[in-house]
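Residues per chain are reported as follows:
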Amino acid sequence: MSETPSPVDTSSVPPADSPSAIWETVDHLVRWLDSESTLPPEQERLLRILKLSEEAGEVAQAVIGATGQNPRKGHSHTWDDVHSELCDVILTAMVALRTLTPEARQVFEGNMGRVAGRVPRPLSAD
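Predicted, not measured: the structure shown is a model, and the values here were computed from it.

Draft legend 1. Representation of the overall build of the protein chain. In terms of regular secondary structure, the protein chain is built from four helices and zero strands. Overall, the protein chain shows an N-to-C arrangement of helices and strands of α-α-α-α. Of all 126 residues assigned to the protein chain, the portion counted as buried reaches 17%. Surface exposure of the protein chain reaches about 9200 Å², of which carbon and sulfur atoms provide 59%.

Draft legend 2. How the structure looks around the pattern of salt bridges. One pass over the full model with this rule turns up seven salt bridges. Here Arg-48 makes a salt bridge to Glu-44, at a shortest N to O gap of 3.0 Å. Of this pair, Arg-48 and Glu-44 both sit in helix α2 (residues 41–67), four residues apart, which is roughly one turn of that helix. Its relative accessible area of 6% is what places Arg-48 among the buried residues. One salt bridge connects Lys-51 with Glu-55, and the closest N-O pair in it is separated by 3.4 Å. A residue pair is termed a helical-turn pair when its members lie 3 or 4 positions apart in one helix, as Lys-51 and Glu-55 do in helix α2 at four residues. For Glu-55, a relative accessible area of 7% puts it in the buried group. Residues joined in a network through salt bridges with shared partners are Asp-34, Glu-44 and Arg-48.

Draft legend 3. Representation of helix α3 (residues 79–100) in the model. The end-to-end C-alpha distance of α3 is 32 Å, a good match for the 32 Å that 22 residues give at a rise of 1.5 Å each. Along α3, the residues classified as buried are Val-82, Glu-85, Thr-92, Met-94, Val-95, Ala-96 and Thr-99. The elements touched by buried residues of α3 are α1 (19–36) and α2. In this structure Thr-78 caps α3, since a side-chain oxygen of it lies 3.3 Å from the backbone nitrogen of Asp-80.

Draft legend 4. Looking closely at the nonpolar core. Formed by Trp-23, Val-26, Val-30, Met-94, Val-95 and Ala-104, the largest nonpolar core amounts to six residues. Listed by contribution, the elements that provide at least two residues to this core are α1 and α3. No other element matches α1, which puts three residues into this core. Filtering out sequence-adjacent residues up to four positions away, Met-94 remains in contact with Ile-22, Trp-23 and Val-26.

About the criteria used
- Residues numbered from 1 in each chain as written.
- Predicted model: local features only at pLDDT ≥ 70, side-chain atom pairs only at ≥ 80, totals over all residues.
- Heavy atoms only, no water.
- Helix = DSSP H or I, 4+ residues; strand = E, 2+ residues; numbered from the N terminus.
- Buried < 20%, exposed > 50% of the residue type's maximum accessible area, 1.4 Å probe, protein only.
- Areas by Shrake-Rupley, 256 points an atom, 1.4 Å probe, with all protein chains shown as cover.
- Salt bridge = Lys/Arg side-chain N within 4 Å of Asp/Glu carboxyl O.
- Expected span 1.5 Å × (residues − 1).
- Contact = heavy atoms within 4.5 Å.
- Polar contact = N/O pair within 3.5 Å; in protein donor to acceptor, adjacent residues only side chain to side chain.
- Core = buried A, V, L, I, M, F, W, Y, C linked by side-chain atoms within 4.5 Å.

Purely geometric stuff here, so don't read any function into it on its own.
Structure (structure tokens):
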């Protein structure tokens, strides 16, 4: 039987309503995960990256459940479940990136800028 994790003190975590607050929350999560880990740092980094595969699998499971593609389980999930699982993937990726570099926000914003630069302008507002 697994132990129940100790509760996280969220009193110092800002609401995630701005990019700055989101990255502060990611920093808080990384600090918490680091403090709870008993693994060597290199192993912890690798496992946080591998965690992305687990979360992506949960997205796939939710999509299969939302579309009823498993005859044994039927419609076992909703599209809200898919949304939630996608958010877990995004957050897990942000935590993995922050684990690899203290400059995670700058790395992410730089990459977003490069990707956005590939999109032709102007886009219609549909």
